[in-house]
Amino acid sequence: MPSELLTERRGAVLVLTISDPATRNTLSSQVLAAGIESLGVAESDPQVGAVVLRGAGDHFCAGGNVRGLAERREAGRAAQRQMIEHLHQLVESLRSFPKPVLAAVEGAAAGAGFGLALACDLVVAAQDAQFTLSYGRLGLSPDAGSTWSLLQMLPRTLVQRLVWLAEPIDAAQLHAAGVVGWLAPKGEALAQALQVADRLAAMAPNALASAKELVQLAPTRSLHQQLAAERDHFIDNLFHANGAEGLQAFFEKRPPRFGA
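Below: a short report on this structure. What you see is a predicted model, and the numbers here were worked out from it, not measured in a lab.

Scanning the chain from terminus to terminus reveals 11 helices and 9 strands. At 19 Å, the chain has a C-alpha radius of gyration in line with the 18 Å of a compact globule built from 260 residues. With respect to the principal axes defined by its C-alpha atoms, the chain has extents near 65 × 40 × 35 Å. The 260 residues of the chain split such that 43% are buried. For the chain, long-range pairs separated by at least 24 residues make up 68% of all intrachain contacts whose partners lie at least 6 apart in sequence.

What follows is about the nonpolar core. Membership of the largest hydrophobic core comes to 48 residues, with the highest contact counts inside it found for Leu27, Val105, Leu116 and Phe131. Among the elements that make up this core, the one with the highest residue count is helix α4 (residues 112-119) (6 residues). Core analysis: the second largest hydrophobic core is formed by 16 residues, Val52, Ala184, Leu194 and Leu208 among them.

On the secondary structure map, Glu92 appears in helix α3 (residues 77-96). Between the alpha carbons of Glu92 and Ala144 there is a distance of 9.2 Å; along the sequence they are 52 residues apart.

Now for the sheet that holds strand β3 (residues 50-55). Each strand in a sheet pairs with its neighbour through backbone hydrogen bonds, running either in the same direction (parallel) or in the opposite one (antiparallel). Pairing within the open sheet is mixed, and its 6 strands lie in the order β1-β2-β3-β4-β6-β9. Sheet topology places β1 (4-10) and β9 (182-184) at the edges, where each strand pairs with a single neighbour. For this sheet, the mean inter-axis angle between neighbouring strands, taken without regard to orientation, is 20°. As defined by bridge partners, strand β6 (residues 122-126) adjoins β9 across 3 bridges and the pair is classed as parallel.

Looking at the secondary structure, you find Ser149 in helix α5 (residues 146-151). Taking the relative accessible area as the measure of exposure, Ser149 reaches 3% and is therefore buried. Within the structure, the side chain of Ser149 is placed 2.8 Å from the side chain of Arg95, a separation counted as a polar contact.

Attention now goes to the packing of aromatic side chains. Summed over the entire model, instances satisfying the criterion amount to 2 aromatic pairs. Ring centres 5.2 Å apart and planes at 55° place the aromatic pair Phe114 and Phe131 in the tilted group. Residue Phe114 is located in helix α4, and its partner Phe131 is located in strand β7 (residues 130-132); the two are separated by 17 residues in the primary sequence. Like Phe131, Phe114 is buried.

Cut-offs used in this document
- Residues numbered from 1 in each chain as written.
- Predicted model: local features only at pLDDT ≥ 70, side-chain atom pairs only at ≥ 80, totals over all residues.
- Heavy atoms only, no water.
- Helix = DSSP H or I, 4+ residues; strand = E, 2+ residues; numbered from the N terminus.
- Rg over C-alpha atoms; globule rule 2.2 N^0.38 Å.
- Buried < 20%, exposed > 50% of the residue type's maximum accessible area, 1.4 Å probe, protein only.
- Contact = heavy atoms within 4.5 Å.
- Core = buried A, V, L, I, M, F, W, Y, C linked by side-chain atoms within 4.5 Å.
- Pairing = 2+ DSSP bridges.
- Axes fitted to C-alpha atoms, helices over the stretch in contact; angles between N-to-C directions.
- Polar contact = N/O pair within 3.5 Å; in protein donor to acceptor, adjacent residues only side chain to side chain.
- Phe/Tyr/Trp six-rings, centres within 6.5 Å; stacked < 30°, edge-to-face > 60°.

Right, here's the structure in full:
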């Protein structure tokens, strides 16, 4: 039976769980389609303030199912092209989703599983979690945007080493490099991710969306272009109802109560 995506609401946080513990939560077409659909629905749901992506059991996600890869190789290029395009649609959906997305990583995040964690805005990882670009062991090259994501954060030489040699890198090393935002005790990644997500879900969603867009697009812009974008977003948010609430709460010395 292929892996499935389980959805659960924890207050204002939507938890998406890749579930197939027997294969360390390998990806299936069902998971990819459900992930894209769930993000689409959550984007327009004002009751969802943040999303947490995790894996069932002791691991995050081992990437593609190797048996499935072998079957699609027999079926021909079109089958694999469709699968990888769905994977990349999910990566782009995570990147463009206007609300915060956190990855809660336990155990292994390998191959496309590593790529999906990197596509999230923030990563909370158990101290013993291991991240691997495992493609080289199978004579394959990376997907899921992992090379693009890592090159935004790590030196090219280290990225090339991870890609070519398929060497695992632990959560502590990625935390020191700034890729992982928080380290949690084993088994506590979800709990800590939910704590962070709850804090984010209480903030002004329009301001969060602006900040996400500004940070993501900054590397593609000149300073002049980025300054113009910051100006426009700032003015829009100041004159939003949440801007008025934030100022009023400051003057009244109370926590703000932001709306959608």
